[in-house]
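Chain by chain, the residues run as shown.
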Amino acid sequence: MNDCDNFPSLTIKKIEWNDGTDMCFNSDDIIVLVGANNVGKSRALKNIRDDLLNNSRNKIVINHIEYQNENFDKESMLYYFKKNFTKNYQNDYVVPVYLNHEQFYSLNEFENISNQENRFYPVLFSFLSTESRLNMTSPISYSNIKDKFNFNIMNKLGFDKNTIIKLNEILLSCFDRAIDVAEVEFQNSVSKLYKFGTKEEIDETINSDTRSAREKLKKLENLNEQGDGIRSAVAILASLIANDHSLYLIDEPETFLHPPQARLLGNNIVELSKNKQCFISTHNIDLIRGLLEKRSSRVKIIKIDRENNSNHF
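About the criteria used
Residues numbered from 1 in each chain as written. Predicted model: local features only at pLDDT ≥ 70, side-chain atom pairs only at ≥ 80, totals over all residues. Heavy atoms only, no water. Helix = DSSP H or I, 4+ residues; strand = E, 2+ residues; numbered from the N terminus. Expected span 1.5 Å × (residues − 1). Buried < 20%, exposed > 50% of the residue type's maximum accessible area, 1.4 Å probe, protein only. Arc of directions from axis to C-beta. Polar contact = N/O pair within 3.5 Å; in protein donor to acceptor, adjacent residues only side chain to side chain. Pairing = 2+ DSSP bridges. Axes fitted to C-alpha atoms, helices over the stretch in contact; angles between N-to-C directions. Patch = residues over 30% accessible without salt bridge, like charges linked within 9 Å, V, L, I, M, F, W, Y side chains within 5 Å. Areas by Shrake-Rupley, 256 points an atom, 1.4 Å probe, with all protein chains shown as cover. Salt bridge = Lys/Arg side-chain N within 4 Å of Asp/Glu carboxyl O. Lys, Arg positive; Asp, Glu negative; His and termini not counted. Charge placed at Lys NZ, Arg CZ, Asp CG, Glu CD. Phe/Tyr/Trp six-rings, centres within 6.5 Å; stacked < 30°, edge-to-face > 60°. Parallel < 35°, antiparallel > 145°, perpendicular 65-115°, else oblique. Contact = heavy atoms within 4.5 Å. Nonpolar A, V, L, I, M, F, W, Y, C, P; charged D, E, K, R; others polar. Disulfide = S-S within 2.5 Å.

In a regular helix each residue adds 1.5 Å, so 15 residues correspond to 21 Å; helix α5 (residues 161-175) covers 20 Å between its end C-alpha atoms and thus fits that length. Those residues of α5 lying buried are Thr-163, Ile-164, Leu-167, Asn-168, Ile-170, Leu-171, Cys-174 and Phe-175. Buried positions in α5, seen along its axis, are confined to an arc of 165 degrees and lie on one side of it. The exposed set on the far side of α5, more than 90 degrees from its buried face, consists of Asn-162 and Glu-169. Capping the start of α5, Asp-160 holds a side-chain oxygen 3.1 Å from the backbone nitrogen of Asn-162, two or three residues further along. Directly beyond the C-terminal end of α5, a positive phi value near 60 degrees is found at Asp-176.

Spelled out as structure tokens, the structure:
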């Protein structure tokens with residue numbers, strides 16, 4: 001049995017939009033929000049994010065969200081936390097939930113999960129905005145690890161060879177380039193960061209643990225100095241591959257990409273999100289084609305219109 005079979009999961013069962021329309025969803029749906037600019041596509045994702053973070057004051061596009069969870073018991077939740085998060089000196093779990101936002105979970109809280117389920121919602125989803133995706137490919141200094149969310153992803157890619165190989169197979173098909181994780185001197189401190197190179201260069205560093213290979217890796221270009229397209233794509237793909245989240249909110253994943261790359265990204269979002277639920281905002285037909293041609297039965301497309309300050313879904 002796969003570890004993930006025992007993990008707690010959280011997905012959205014039903015949304016009541018602000019025009020009173022109710023829509024129901026399956027736990028492995030890919031829900032695509034489309035429409036003209038400024039109709040509320042990105043705002044809908046932010047409304048979901050805020051609701052998951054128990055901050056519902058600014059909901060504009062959504063009236064109510066009904067969630068579905070599984071394995072919300074002490075044993076499963078502790079197993080998930082032990083595998084994914086670290087403890088601080090007070091023996092509390094420190095969980096990066098969004099950019100520089102962290103939540104702390106004491107061991108006592110696991111005794112009473114059924115009475116505070118929404119307290120655990122933030123640890124089970126990813127919100128991938130354009131800004132957060134670019135931040136995810138920046139170097140992280142060991143002397144001041146502010147972004148533990150992305151540090152965790154880097155660690156998994158750096159230590160799990162199969163994971164980085166899987167990611168690079170996709171990057172090579174989209175960009176003809178690959179990445180690896182390195183530890184280098186960067187801005188006067190030791191940092192963990194992504195390096196960028198050809199298939200041959202990266203294969204050598206991944207398949208060898210020699211000092212020579214590590215030195216060659218350090219000399220490769222930094223991913224954070226490359227184009228926004230590949231940086232954004234790496235963040236999306238790495239999150240889907242390396243995270244154990246069950247719910248993903250992805251805002252305009254095609255940003256900065258050429259049409260063939262957007263289509264391939266759509267293909268791979270479908271492949272990598274099996275048994276997960278994705279909400280995606282987009283107005284890019286190539287990304288939508290990529291989603292549909294892989295597994296159209298999972299895809300639900302919601303068109304949002306706006307007229308006289310009123311939304312229609």
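A separate point is the sheet that holds strand β1 (residues 9-17). Strand order in this open sheet of 3 strands is β2-β1-β4, and the pairing throughout is antiparallel. Edge strands, defined here as strands with exactly one partner in the open sheet, are β2 (22-24) and β4 (62-70). Ignoring strand direction, the axes of neighbouring strands in this sheet form an average angle of 25 degrees. The pairing of β1 with β2 spans 3 bridges and is antiparallel. Considered in β2, the bridge of Lys-14 is made with Cys-24.

Where like charges cluster on the molecular surface, the negative patch consists of Glu-200, Glu-201, Glu-221 and Glu-225. By the secondary structure assignment, Glu-201 is in helix α6 (residues 199-207). For Glu-201, a relative accessible area of 35% gives the class partly exposed.

This part is about the pattern of salt bridges. On inspection of all chains with the given rule, the structure shows 20 salt bridges. A salt bridge links Lys-156 to Asp-244; its shortest N-O distance comes to 3.5 Å. Of this pair, Lys-156 sits in helix α4 (residues 148-159) while Asp-244 sits in the loop between α8 (228-242) and β13 (247-251); the two residues are 88 residues apart in sequence, bridging distant segments of the chain. Given the relative accessible area of 21%, Lys-156 is considered partly exposed. Asp-244 sits in the buried class, given a relative accessible area of 15%. By sharing partners, the salt bridges in this structure join Lys-13, Lys-14 and Glu-66 into a single network.

The next thing to look at is the packing of aromatic side chains. Tallied over the entire structure, the rule returns 17 aromatic pairs. Ring geometry for Phe-81 versus Tyr-93: centroids 5.3 Å apart, planes at 70 degrees, classification edge-to-face. With Phe-81 in helix α2 (residues 74-84) and Tyr-93 in strand β6 (residues 93-98), the pair connects residues that are 12 residues apart, well separated along the chain. Just as Phe-81 is buried, Tyr-93 falls in that class too. Ring centres of Tyr-142 and Phe-151 lie 5.7 Å apart, and the angle between their planes is 85 degrees; on these two criteria the pair is classed as edge-to-face. What makes Tyr-142 partly exposed here is its relative accessible area of 34%.

It is worth spelling out the packing of α5 against α6 at this point. Taken N-terminus to C-terminus, the directions of α5 and α6 make an angle of 175 degrees; their axes are 12 Å apart at the nearest point. As summarised for this structure, α5 and α6 are arranged roughly antiparallel, according to the angle between their axes. Note on element contacts: α6 touches α5 through Lys-199, Ile-202, Ile-206 and Asn-207, opposite Lys-161, Ile-164, Ile-165, Asn-168 and Leu-172. Each residue belonging to the contact of α5 with α6 can be placed in one class, and the counts come to 5 nonpolar, 2 polar and 2 charged.

What follows covers the state of the cysteines. If you walk through the whole model with that rule in mind, you get 0 disulfides. Of all cysteine sulfurs in the structure, the one in Cys-278 sits closest to Cys-174, which takes part in no disulfide; the separation is 16 Å. For Cys-174, a relative accessible area of 12% gives the class buried. Judged by relative accessible area, which is 0%, Cys-278 ranks as buried.

Strand order in the open sheet formed by 3 strands is β5-β6-β7, and the pairing between neighbours is antiparallel. The sheet is open, and its two edges are formed by β5 (86-87) and β7 (101-105), each paired on a single side.

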